[in-house]
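This is what each chain is made of:
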Amino acid sequence: MCQYPKIALENVCFSYEKRTILKGISLQFPEQAIIAVTGPSGTGKSTFLSLFNRLWEEEGQGNLQGKITIHFKEGPTDIYGKEIALDQLRRRVGMVFQSPNPLPMSIGRNIAFPLGLQGKMSRVEKASRVEKILQEVHLWDEVKDRLDSDARTLSGGQQQRLCIARALILQPEILLLDEPTSSLDAAACEKIELLLVELKRQCTILMVSHYQDQIQRIADLSYRLANKRLERQ
Ligand SMILES: Nc1ncnc2c1ncn2[C@@H]1O[C@H](COP(=O)(O)OP(=O)(O)OP(=O)(O)O)[C@@H](O)[C@H]1O
């Protein structure tokens, strides 16, 4: 592990119009760890997660104060500063949502699609990257004979692993997961948990979870969001 925090928040406050959601949060998260955030419904867990890829800005009504620094491979970056463009940030900070959201296209294209946004790449290289990432999320054996089928024909658990693969294909340094297993059955949930523990070697994972037992099984650090603040549990 390195000496510096992967993510640092300095006096972060967030509000939607006049409603304060997060107040005076100063925290540091290490790299190669699973950091879980839990807490009652509506307290701002998803909002907290959205600070790291600036997704809240899409809604247009929020107000952020304070500073968030991510220590990317090239060095520390103020993610709201001029040194990083939004599209670059979102390549390095991947996100997976509560309900699997495969694109309405084939299994293979779902994974290859983000690669196309990165510039020209040969078909052979694309195919090899797609296979590698599907192996990593332990989906390859289940889909290798049906890469051309519509991704929406996969089971919920398979779709969620596909969405994780899609987030990983651009090799993000941070992975944000918003209740990634809450729509899945126990068996699918176990597969995702095992996968996340493997993935933390390559990226720092920030995960919202309602399940205390899941947090105990896989999180390295856990925080509870209540009264607009995050407290270590
Ligand atoms: N775009 C928005 N504009 C105004 N208020 C919003 C917006 N998005 C969320 N909120 C409000 O901010 C508060 C926090 O919402 P958020 O979704 O972050 O909570 P949460 O802890 O993730 O909830 P849950 O556990 O139910 O998913 C809620 O009261 C919500 O209604």
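Once a new chain begins, its residue numbering starts again from 1 and follows that chain's sequence as written. This being a predicted model, a pLDDT of at least 70 is required before a residue's local features are given, and a value of 80 or more before pairs of side-chain atoms are given or counted; all residues contribute to the totals for chains, interfaces and linings. Side-chain measures were taken over the full set of non-hydrogen atoms in the model, leaving aside hydrogen atoms and water.

Re the UniProt feature "domain: ABC transporter" (unreviewed entry) in the chain
In step 1: The feature "domain: ABC transporter" (unreviewed entry), as annotated in UniProt, sits at residues 7–233 in this numbering.
In step 2: Secondary structure elements are defined from DSSP: runs of H or I of at least 4 residues count as helices, runs of E of at least 2 residues count as strands, and each element is numbered from the N terminus. Taken end to end, residues 7–233 has its terminal C-alpha atoms 19 Å apart, with 33% of it in helix and 29% in strand. UniProt positions are given in the numbering used here, feature names are shortened, and annotations may be inferred rather than shown by experiment.

Comments concerning helix α7 (residues 186–199)
In step 1: The terminal C-alpha atoms of α7 lie 20 Å apart, and with 14 residues this matches the ideal 20 Å at 1.5 Å per residue to within 8%.
In step 2: The term polar contact refers here to a pair of N or O atoms within 3.5 Å; inside protein, the definition further demands a hydrogen-donor-capable atom paired with an acceptor-capable atom, and it admits residues adjacent in sequence only when both atoms are side-chain atoms. Between the side-chain oxygen of the N-cap and the backbone nitrogen of A187 there are 3.2 Å, and the N-cap of α7 in question is D185. To estimate how far a helix should reach, multiply one less than its number of residues by 1.5 Å.

Focus on the packing of helix α3 (residues 107–117) against helix α4 (residues 123–136)
In step 1: Comment: axis = line fitted to C-alpha atoms, over the contacting stretch for helices; angle = value between 0 and 180 degrees taken between N-to-C directions. Two elements in contact, α3 and α4, have axes separated by 10 Å at closest approach and are oriented at 120 degrees. Taken together, α3 and α4 sit at an angle that is classed as oblique. Both α3 and α4 take part in a crossing whose hand is right-handed. Of α4, the residues touching α3 (which contributes G108, I111, A112, L115 and G116) are K126, R129, V130, I133 and L134. Note that the term roughly parallel is reserved for angles under 35 degrees, roughly antiparallel for angles over 145, roughly perpendicular for angles of 65 to 115, and oblique for everything else. Crossing handedness: left-handed means the near helix sits turned counterclockwise from the far one by under a right angle, and right-handed means the same turn made clockwise. The contact criterion used is simple: two residues touch if any of their non-hydrogen atoms lie within 4.5 Å.

Points about the side chain of K6
In step 1: By secondary structure assignment, the location of K6 is in the segment before β1 (7–16).
In step 2: A distance of 2.6 Å separates the side chain of K6 from the side chain of E173, its partner in a polar contact.
In step 3: Sequence-distant contacts of K6, defined by excluding residues within four places in its chain, comprise F29, P30, E31, T69, I70, H71, F72, E173, I174 and T204.

What about the side chain of T43?
In step 1: When you line up the elements, T43 lands in the loop between β3 (34–38) and α1 (45–50).
In step 2: Within the structure, the side chain of T43 is placed 2.7 Å from the backbone oxygen of P40, a separation counted as a polar contact.
In step 3: Leave out the neighbours within four places in its chain, and T43 touches I21 and L225.

Points about the packing of helix α6 (residues 156–168) against α7
In step 1: As a packed pair, α6 and α7 sit with axes 9 Å apart at the nearest point and diverge in direction by 20 degrees. One element, α6, and the other, α7, form an angle in the roughly parallel class. Crossing geometry of α6 relative to α7 is assigned as right-handed. Where α6 approaches α7, its residues G157, Q160, R161, I164 and L168 are matched on the opposing element by A188, K191, I192, L195 and L199.
In step 2: Within the contact of α6 with α7, the residues separate by chemical class into 6 nonpolar, 2 polar and 2 charged. Any residue outside Ala, Val, Leu, Ile, Met, Phe, Trp, Tyr, Cys, Pro, Asp, Glu, Lys and Arg is labelled polar, Gly included; the first ten of those are nonpolar and the last four are charged.

Considering the site of the ligand
In step 1: For this purpose, a residue is taken to be near a molecule or strand whenever a single non-hydrogen atom of the residue falls within 4 Å of it. Every one of the 15 residues lining the ligand counts as a neighbour, but S41, G42, K45, S46 and T47 are closest to it.
In step 2: Separating an oxygen atom of the ligand from a side-chain N or O atom of K45 is a distance of 2.7 Å.
In step 3: E59 places a polar side-chain atom, nitrogen or oxygen, 3.4 Å from a nitrogen atom of the ligand.
In step 4: In short, Shrake-Rupley with a 1.4 Å probe defines the accessible areas, and a residue's cover is counted only from the protein chains shown. Protein chains bury 68% of the 640 Å² of accessible surface belonging to the ligand in isolation.
In step 5: Of all elements in the fold, only β2 (19–29) and α1 reach the threshold of two or more residues within the shell around the ligand.
In step 6: No other element matches α1, which puts 3 residues into the shell around the ligand.
In step 7: Its residues placed into classes, the shell around the ligand shows 3 nonpolar, 8 polar and 4 charged.

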